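# Survey of secondary and tertiary structure
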Amino acid sequence: MAKIPRNFRLLEELEKGEKGIGDGSCSYGLEDGDDIMMSHWNGTVIGPGHTVHENRIYSLKITCGDNYPDEPPVIQFISRVNLPFVSQTDGKVDVTKLPVLAHWNRNSTMETVLVEIRREMASFNNRKLPQPPEGSTF
């Protein structure tokens, strides 16, 4: 089977991101519409209900390197958050600690990463973790 080129794949993701994902709890789009390499993206995750994250809006930076989608994107929280897979120094997501990134394959997308992050926020171990003040950033 032919491999879809990086830019075709990213155009596909851009189109999907602009339409919105499912219930609107996660979204993403290009940071700059003039970024012809489509490397720099913004993501948003709305905290899941019945958790300490409820009603919080988390902003993230997503960087798709030259080898995306063969290699996972770099994910970095702009909004401060206390989660075991997020560095408390700079907000970067540790690839080895988030399963969707640790077991990355070409079929994974920015959407699958954001949905997985939201799912992790709602998990038993993370749903009650004390969080930094709302609105604080890295």
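In the nomenclature of an unreviewed UniProt entry, the chain corresponds to UBC-like protein from the organism Coniophora puteana.

When you go through the chain residue by residue, the secondary structure sums to 3 helices and 4 strands. Moving toward the C terminus, one meets the helices and strands of the chain in the order α-β-β-β-β-α-α. Relative to the 2.2 N^0.38 estimate, which gives 14 Å for 138 residues, the radius of gyration of the chain is 15 Å and therefore close to what a compact globule would have. In terms of overall dimensions, the chain has C-alpha extents of about 45 × 30 × 30 Å along its principal axes. Counting the 138 residues in the chain, one finds 41% classified as buried. In the chain, once contacts between residues fewer than 6 apart in sequence are set aside, the share between residues at least 24 apart is 53%.

For the rest of this paragraph, the subject is the nonpolar core. Membership of the largest hydrophobic core comes to 29 residues, with the highest contact counts inside it found for Trp41, Phe77 and Ile117. Elements that contribute at least two residues to this core include exactly α1 (6-19), β1 (26-30), β2 (40-46), β3 (57-63), β4 (74-77), α2 (99-102) and α3 (110-121). The leading source of residues in this core is α3, at 5 residues. If sequence neighbours within four positions are ignored, isoleucine 117 has contacts with Leu60, Ile75, Phe77, Phe85 and Leu98.

Its location among the elements puts serine 79 in the loop between β4 and α2. Within the local environment of serine 79, its side chain forms a polar contact with the backbone nitrogen of serine 59, the two atoms lying 2.8 Å apart.

In this structure, proline 69 follows tyrosine 68 across a cis peptide bond, with omega equal to 5°. Backbone geometry at methionine 38 places phi at a positive 50°, although glycine is not the residue there. Residue placement: methionine 38 occurs in the loop between β1 and β2. For asparagine 55, which is not glycine, the phi torsion reads 70° and is therefore positive. With respect to the secondary-structure elements, asparagine 55 resides in the loop between β2 and β3.

The full count for this structure, using the stated rule, is 3 aromatic pairs. Pairing tyrosine 58 with phenylalanine 77 gives two aromatic rings, centres 6.3 Å apart and planes at 80°, and the pair type is edge-to-face. On the criterion of sequence distance, the pair formed by tyrosine 58 in strand β3 and phenylalanine 77 in strand β4 is long-range, its members being 19 residues apart. The pair tyrosine 58 / phenylalanine 77 is uniform in exposure class, with both members buried.

Along an α-helix, residues three or four positions apart point the same way, because every turn accommodates 3.6 residues. For α1, spanning 14 residues, the distance from its first C-alpha to its last is 20 Å, which sits close to the expected 20 Å at 1.5 Å a residue. Within α1 the residues assigned to the buried category are Arg6, Arg9, Leu10, Glu13, Leu14 and Gly17. Axial view of α1: buried residues confined to an arc of 140°, hence all on one face. Facing away from the buried side of α1 by over 90 degrees, the exposed positions are Phe8, Glu18 and Lys19. For α1, the elements touching its buried residues are β1, β2 and α3.

Thresholds, definitions, all that
- Each chain has its residues counted from 1, running along the sequence as written.
- Local features are withheld for residues below a pLDDT of 70 in this predicted model, meaning they are given only at 70 or higher, and side-chain atom pairs are given and counted only at 80 or more; totals for whole chains, interfaces and linings count all residues.
- The basis for the side-chain values is all heavy atoms of the structure; hydrogens and waters are excluded.
- Each helix is a run of DSSP H or I of at least 4 residues and each strand a run of E of at least 2, with the numbering of both proceeding from the N terminus.
- Restricting the calculation to C-alpha atoms gives the radius of gyration, and the globule rule supplies 2.2 Å times the number of residues raised to the power 0.38.
- Only protein chains enter the accessibility calculation, which uses a 1.4 Å probe; a residue whose area is less than 20% of its type maximum is buried, one above 50% is exposed, and one in between is partly exposed.
- When checking whether two residues touch, look at their non-hydrogen atoms; a contact exists if any pair is within 4.5 Å.
- Definition of nonpolar core: a set of buried residues of the types Ala, Val, Leu, Ile, Met, Phe, Trp, Tyr and Cys, connected through side-chain atoms within 4.5 Å.
- Distance and chemistry together define a polar contact, namely a pair of N or O atoms within 3.5 Å, with one atom able to donate a hydrogen and the other to accept it when in protein, and with adjacent residues in sequence counting only for side-chain atoms on both sides.
- Pairing of aromatic rings covers Phe, Tyr and Trp, the last through its six-membered ring, and needs centres within 6.5 Å; plane angles under 30 degrees mean stacked, over 60 mean edge-to-face, and all others mean tilted.
- One less than the residue count of a helix, multiplied by 1.5 Å, gives the span that helix is expected to have.
- Arc definition: directions from the helix axis to the C-beta atoms.

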